[in-house]
Protein chains: 2
Amino acid sequence: MPQNRKIVLKSHPKGPVGVENFDMVTDQTGPMAAGLVCVKVDHLSIDAFIRTTLDGGGFHQSAKLGGVVPALGVGTVVESGDPAFVVGDIVTGPMCSQEYAVLPAAMCGKVDTRLGSPTAFLGALSIATGLTSYVGMKYVAKISGGETVVVSGAAGAVGSLAGQVAKLLGAGRVIGIAGGPKKCAFLVDELGFDAAVDYKAGDVSGQVSALAPNGVDVFYDNVGGEVLDAVLMNLAIEARVVLCGAVSQYENMADVRGPKNYLKIAERDASLLGFTIFHYPDKYGEATTAMADWLASGELIVHETVGTGLENFPAAVRALLDGGNTGKFLLKVS
Amino acid sequence: MPQNRKIVLKSHPKGPVGVENFDMVTDQTGPMAAGLVCVKVDHLSIDAFIRTTLDGGGFHQSAKLGGVVPALGVGTVVESGDPAFVVGDIVTGPMCSQEYAVLPAAMCGKVDTRLGSPTAFLGALSIATGLTSYVGMKYVAKISGGETVVVSGAAGAVGSLAGQVAKLLGAGRVIGIAGGPKKCAFLVDELGFDAAVDYKAGDVSGQVSALAPNGVDVFYDNVGGEVLDAVLMNLAIEARVVLCGAVSQYENMADVRGPKNYLKIAERDASLLGFTIFHYPDKYGEATTAMADWLASGELIVHETVGTGLENFPAAVRALLDGGNTGKFLLKVS
């Protein structure tokens, strides 16, 4: 079995996570057995949920002290204990922060390169990113033609897709909220958003109001905090707020800032709709086909920010939380 | 025209409202004209929304300095400028804090005493209380048979009806949250709730969890704040939180405590549904008939707390916010 370099959690972060909360160690990969596969990790997906695993309580799940950090990845099967996979297969799964992952075959998905590149299976074709965008817009927000849609974290992995999906599903006007003029220009010039709001420029509520004078019909929120409150001030009657994430709060999960303006939801006959993609397995097929078709036709534009080297996993997680990426954030491991 | 005693707003409260924020003055009633009626106010409805009108901004509307305070009431027409009303008619409408109200006939509703007592038209048969309970449970929460329903502010005007309506609509188990053992006993012994949680006894989340071990399917929230957060910890998958009010926040509207646990809504595939009753005019008829039938059959139990004297309007508003009433809070004016 190959030597395995791993990033492990050294200490639970107190406040903002930093590289000092991690260690790199080298040991053997775990033992193989029937039903397991050993995967050489090619790319890891740097996602905001990772931060929530580091506190010991865990919004999604928990990283253990001394253990690897949960992360999705794509890699190549180097040893298989399951007839469904052969050496050389490209697979996605919960690889965690390491070079080699030994995991149950049932937790791996085979990459069908006719649908997209291997890294697309961490982005536009992944359950946690692409399918979350599609299902959130179509089956949670239930957007209908001509509506005004706002997406926060719009230059991020989910947001950049969610805004484009809204447009492809017939939204009248899609406004993205992102940090800084460069990301805002990216949304409009490269991804086809109708307009963008720079939250770093202040008065987000005023900016949204100016761009959506008749109110926001759908808000797809990845951010929470002040951005959520600003959009709540601009809801149209019967607006739907899709609660996808709250990256602004993931370093403060013990004392989350709840939406102070939540009473606007009552005032506007609106609703705040939570969802986890795992609640919609019956939509995976449709969503995958739709996203793959839009990728193939060029209607869906994918942008990747790619770091290199497993040793940079801690810095990448920090950078993600600081908004250092545009589009899907990946770490090339080998 | 009769002399008119009025309670007027003297100053905007800074924090908790007190009797010092009001004055009593006497002047003439306003001039009559075609389309207006003059009503001698019999009872005023002491509702939590009144507090939100006193800050100058206004969640619902605003009381003006030196002006009367918005309040619903029931009274007797003493002069009519509209063919739809004659002297002696009993009517409901936005009477405000005064003995005589001159208001547009179009804003008055005639009391049909075959359906209930005049004060029932401020409670079980009123739009803001009874119809809000019915529509919130049936058309917003869409409760279905056997579900576990929690109601906060359960000993209050809306909550005491909402819990009973849930039961009458087929809920499996109805749990009320109220302040103190006396109110809790009232819910179970007199109104037929299945169980009650005393929020003053602490650990509301633990109490709800013990009473609803499989989770809360519907939460009808009149309170907000810590109570809302406690119930959010106990949501079942696909739970619906009906956002009816937030009385705990009405003295703090400039810095509302948003629900810190709102991410549970995402985690549980739940939703937070805002509504205003005015969005459902097509349900008024059905709701009125249902409530009147349940009143007539004795299946719906109504409890009133009745104060006396217009001069006690400020103290009554204070008492309402302190939980001093059980059931509908009324002030007998004359």
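Rules used in this analysis
Residues numbered from 1 in each chain as written. Chains lettered and ligands numbered in written order. Predicted model: local features only at pLDDT ≥ 70, side-chain atom pairs only at ≥ 80, totals over all residues. Helix = DSSP H or I, 4+ residues; strand = E, 2+ residues; numbered from the N terminus. Buried ≥ 20, exposed ≤ 12 C-beta atoms within 10 Å, placed from the backbone. Contact = placed C-beta atoms within 7 Å. Axes fitted to C-alpha atoms, helices over the stretch in contact; angles between N-to-C directions. Parallel < 35°, antiparallel > 145°, perpendicular 65-115°, else oblique. Left-handed = near helix turned anticlockwise from the far one by under 90°. Least-squares fit on C-alpha atoms with pLDDT ≥ 70 in both. Expected span 1.5 Å × (residues − 1). Core = buried A, V, L, I, M, F, W, Y, C linked by C-beta atoms within 7 Å. Right-handed = clockwise from strand over helix to strand, strands pointing away. Pairing = 2+ DSSP bridges.

**Quick notes on the overall build of chain A**
Alright, step 1. Secondary structure summary: chain A contains 9 helices and 15 strands in total.
Alright, step 2. In terms of principal-axis extent, the alpha carbons of chain A reach across some 60 × 45 × 35 Å.
Alright, step 3. Burial statistics for chain A: of 334 residues in total, 55% are counted as buried.
Alright, step 4. At a minimum sequence separation of 6, the contacts of chain A that also span at least 24 residues come to 66%.

**Section: the packing of helix 5 (residues 204-211) of chain B against helix 6 (residues 225-232) of chain B**
Residue and element names in this part refer to chain B.
Alright, step 1. In the contact formed by helix 5 and helix 6, the axes pass within 8 Å of each other and the chain directions differ by 40 degrees. Relative to helix 6, the element helix 5 is oriented oblique. Seen along the crossing, helix 5 lies across helix 6 with a hand that is right-handed. Taken together, the residues of helix 6 that come into contact with helix 5 (itself represented by Val204, Ser205 and Val208) are Val227, Ala230 and Val231.

**Focus: the relation of the copies chain A and chain B**
Alright, step 1. Screw-axis analysis of chain A against chain B gives a translation of 0.0 Å along the axis, an RMSD of 0.0 Å, and a rotation angle of 180 degrees. Accordingly, the operation relating the two chain copies is best matched by a two-fold axis. Residues of chain A ranked by C-alpha distance from the rotation axis are headed by Gly258 of chain A, positioned 2.0 Å from it.

**Some thoughts on helix 2 (residues 127-140) of chain A**
All names here are of chain A.
Alright, step 1. A rise of 1.5 Å per residue sets the reference length of helix 2, with its 14 residues, at 20 Å; its end C-alpha atoms lie only 15 Å apart and thus fall more than 12% short of the reference.
Alright, step 2. Within helix 2, 10 of the 14 residues are buried, which leaves the element mostly enclosed by the surrounding structure.
Alright, step 3. For helix 2, every residue scored as buried is listed here: Thr129, Gly130, Leu131, Thr132, Ser133, Tyr134, Val135, Gly136, Met137 and Val140.
Alright, step 4. Contacts made by the buried residues of helix 2 are with helix 3 (157-168), strand 11 (216-221), strand 12 (235-243), strand 13 (271-274), helix 8 (284-297) and strand 15 (328-332).

**Here we look at the nonpolar core**
Alright, step 1. One finds Val150, Tyr220 and Val242 of chain A together with Val150, Tyr220 and Val242 of chain B to be the most contacted residues of the largest nonpolar core, which totals 227 residues.
Alright, step 2. Tallying contributions element by element places helix 3 of chain A first for this core, with 7 residues.
Alright, step 3. Once residues lying within four places of it in the same chain are set aside, the contact partners of Val242 of chain B are Gly136, Val140, Ala141, Val218, Phe219, Tyr220, Asp221, Leu273 and Phe275 of chain B.

**Regarding the pairing of strand 8 (residues 148-152) of chain A**
Residue and element names in this part refer to chain A.
Alright, step 1. Of all 5 residues in strand 8, 5 are buried, a share of seventy percent or more.
Alright, step 2. In strand 8, alternate side chains face the same way, and those of Thr148, Val150 and Ser152 on one face and Val149 and Val151 on the other are all buried.
Alright, step 3. This β-α-β element, strand 8 to helix 3 to strand 9 (residues 173-178), shows right-handed connectivity.
Alright, step 4. As paired strands, strand 8 and strand 11 are joined by 3 bridges and run parallel to one another. By the bridge assignment, Val149 is partnered in strand 11 with Val218.

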